[in-house]
Amino acid sequence: MTPRLQKLHDDLTAAGFRPHERLGEITIEVQGGEYLAAATQLRDQLGFEQLSDLCGVDYAAYGDRPREGARFAAVVHLLSVRRNVRLRLRAFCPDDEFPVLASLVELWPSANWYEREAFDFFGIVLDGHQDLRRILTDYGFVGHPFRKDFPLSGYVEMRYDPEQKRVVYQPVTIDPREVTPRIVREPNYAEELERKRG
């Protein structure tokens with residue numbers, strides 16, 4: 001760990017957080033009820049004056065094994081210009097059926113668009129957001145497309161109907177299929193590789 005990261009790690013620990021470092025980045029994980037208080041403390045006491053990114057995450061399955069614990073989280077990337085350090089804050093939603101977290105728009109106005117995106121794609125409700133509505137999907141869209149249980153082809157499709165002279169929705173007509181990538185190698189690939197190494 002670099003001296004700058006070590007200093008940040010020590011300051012976060014002294015402030016009551018449990019930071020962990022991986023691949024040169026420091027992350028703090030909090031439960032949903034602690035999210036707003038932790039963000040406020042990071043801004044006011046530790047000098048993280050800029051929110052550079054916020055995104056939703058669905059941990060329904062993580063890698064090849066199901067994840068234990070909460071399914072949905074919001075991940076926030078913060079920047080302290082004064083200290084020249086970055087920090088990741090991850091907050092887990094307490095309820096998988098209806099994921100809710102506090103909005104950070106009052107702390108960092110730049111969270112506005114990102115929170116709307118997390119709501120639209122993952123269904124995470126950001127309590128206290130003044131304009132929480134879909135941002136990239138259609139108003140009548142059913143579901144949240146970045147959830148891991150959302151079907152790859154969706155539920156409905158839309159098309160223009162020349163007889164009705166308007167756009168209509170109808171059930172998806174695409175047959176679901178499993179797409180497995182094919183690996184194409186030349187004959188005697190392994191022997192040729194060994195000969196080049198050898």
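## Overview of the overall build of the chain
(1) Moving on: Scanning the chain for helices and strands turns up 4 helices and 11 strands.
(2) Moving on: Residues classed as buried in the chain amount to 35% of the 198 residues present.
(3) Moving on: Of the contacts formed within the chain by residues at least 6 apart in sequence, a portion of 50% connects residues at least 24 apart.
(4) Moving on: Of the accessible surface of the chain, which amounts to about 13300 Å², a share of 51% is contributed by carbon and sulfur atoms.

## Looking at the environment of Ala15
(1) Moving on: Tracing the backbone shows Ala15 in the loop between helix 1 (3-14) and strand 1 (20-22).
(2) Moving on: Note: C-alpha distance between Ala15 and Gln45 (30 residues apart in sequence) is 8.6 Å.
(3) Moving on: When sequence neighbours within four positions are dropped, the list of residues in contact with Ala15 reads Gln41 and Leu46.

## A word on the sheet that holds strand 1
(1) Moving on: The 5 strands are arranged 1-2-7-6-3 in an open sheet whose pairing can be described as mixed. Only two strands of the sheet have a single partner each, and these edge strands are strand 1 and strand 3 (50-58). Ignoring strand direction, the axes of neighbouring strands in this sheet form an average angle of 25°.
(2) Moving on: Judged from the 8 bridges that link them, strand 6 (residues 72-80) and strand 7 (residues 85-92) form a sheet pairing that is antiparallel. What sits directly across from Val75, in strand 7, is Arg90.

## Some points on helix 2 (residues 35-44)
(1) Moving on: Turning to helix 2, its buried residues are Tyr35, Ala38, Ala39 and Leu42. Viewed along the axis of helix 2, the buried residues span an arc of 100°, placing them on a single side of the element.
(2) Moving on: Packed against the buried residues of helix 2 are helix 1, strand 2 (25-31), strand 3, strand 6, strand 7 and strand 8 (100-102).

## A few points about the side chain of Ser80
(1) Moving on: With respect to the helices, strands and loops of the structure, Ser80 is situated in strand 6.
(2) Moving on: With residues near it in sequence (within four places) discarded, Ser80 still touches Leu46, Gly47, Phe48, Glu49 and Val85.

## Concerning the pattern of salt bridges
(1) Moving on: The tally for this structure, following the rule as stated, stands at 9 salt bridges.
(2) Moving on: Of the charged contacts in the structure, one is a salt bridge between Asp11 and Arg83, with a shortest N-O distance of 2.4 Å. Note that Asp11 is positioned in helix 1 and Arg83 in the loop between strand 6 and strand 7, a separation of 72 residues in sequence.
(3) Moving on: Linked by salt bridges that have partners in common, Lys7, Asp11 and Arg83 make up one network.

## Comments concerning the nonpolar core
(1) Moving on: Residues Leu12, Tyr35, Leu42 and Leu104 are the most contacted members of the largest nonpolar core, which totals 34 residues.
(2) Moving on: Excluding its chain neighbours within four sequence positions, the residues that come into contact with Leu104 are Tyr35, Leu36, Ala39, Leu51, Leu54, Val76, Ala111 and Glu115.
(3) Moving on: One finds Val57, Tyr59, Ala73 and Val75 within the second-largest nonpolar core, a separate group that totals 5 residues.

## Observations concerning unusual backbone geometry
(1) Moving on: Positive phi, normally seen in glycine, also occurs at Leu23, with a value near 55°.
(2) Moving on: Looking at the element boundaries, Leu23 is found in the loop between strand 1 and strand 2.
(3) Moving on: Among the residues examined, Leu23 registers a relative accessible area of 74% and is labelled exposed.
(4) Moving on: Phi is positive for Lys165, which is not a glycine, with a value near 55°.

## Looking at the packing of aromatic side chains
(1) Moving on: For the structure shown, the criterion picks out 3 aromatic pairs.
(2) Moving on: Judged by centre distance (6.0 Å) and plane angle (40°), the ring pair of Tyr59 and Phe92 falls under tilted. Taken together, the residues Tyr59 in the loop between strand 3 and strand 4 (61-62) and Phe92 in strand 7 connect sequence positions 33 residues apart.
(3) Moving on: Plain terms: the ring middles of Phe122 and Phe146 are 5.7 Å apart, the flat faces sit at 80° to each other, and that makes the pair edge-to-face. Of this pair, Phe122 sits in helix 3 (residues 111-122) while Phe146 sits in the loop between strand 9 (125-127) and strand 10 (156-161); the two residues are 24 residues apart in sequence, bridging distant segments of the chain.
(4) Moving on: Judged by its relative accessible area of 9%, Phe122 is buried.
(5) Moving on: Among the aromatic residues, those joined into a cluster by ring pairs are Phe121, Phe122 and Phe146.

Parameters at a glance
For every chain, the first residue of the written sequence is number 1, and numbering continues from 1 onward in sequence order. Reporting of local features is limited, given that this is a predicted model, to residues whose pLDDT is at least 70; pairs of side-chain atoms are given and counted only at 80 or more, and all residues count toward the totals for whole chains, interfaces and linings. With hydrogens and water stripped out, all remaining heavy atoms of the structure feed into the side-chain values. Helix numbering and strand numbering both begin at the N terminus, where a helix is a DSSP run of H or I of at least 4 residues and a strand a DSSP run of E of at least 2. The classification of residues rests on relative accessible area computed with a 1.4 Å probe and restricted to protein chains. Under 20% of the type maximum is buried, over 50% is exposed, and intermediate values are partly exposed. In what follows, residue pairs with any heavy atoms lying within 4.5 Å of each other are defined as contacts. Note on areas: Shrake-Rupley, 1.4 Å probe, and residue coverage restricted to the protein chains presented here. Pairing between strands is defined by DSSP: at least two bridges between the two strands are required. In this analysis, axes come from line fits to C-alpha atoms, helices being fitted only over the stretch in contact, and the angle between any two N-to-C directions falls in the range 0 to 180 degrees. In this context, the arc is that of the directions from the helix axis out to the C-beta atoms. Salt-bridge detection follows one rule: a side-chain nitrogen of Lys or Arg within 4 Å of a carboxyl oxygen of Asp or Glu. What we call a nonpolar core is a set of buried Ala, Val, Leu, Ile, Met, Phe, Trp, Tyr and Cys residues that are connected through their side-chain atoms within 4.5 Å. Two rings from Phe, Tyr or Trp (for Trp, the six-membered ring) form a pair when their centres sit within 6.5 Å of each other. Planes less than 30 degrees apart are called stacked, planes more than 60 degrees apart edge-to-face, and all others tilted.

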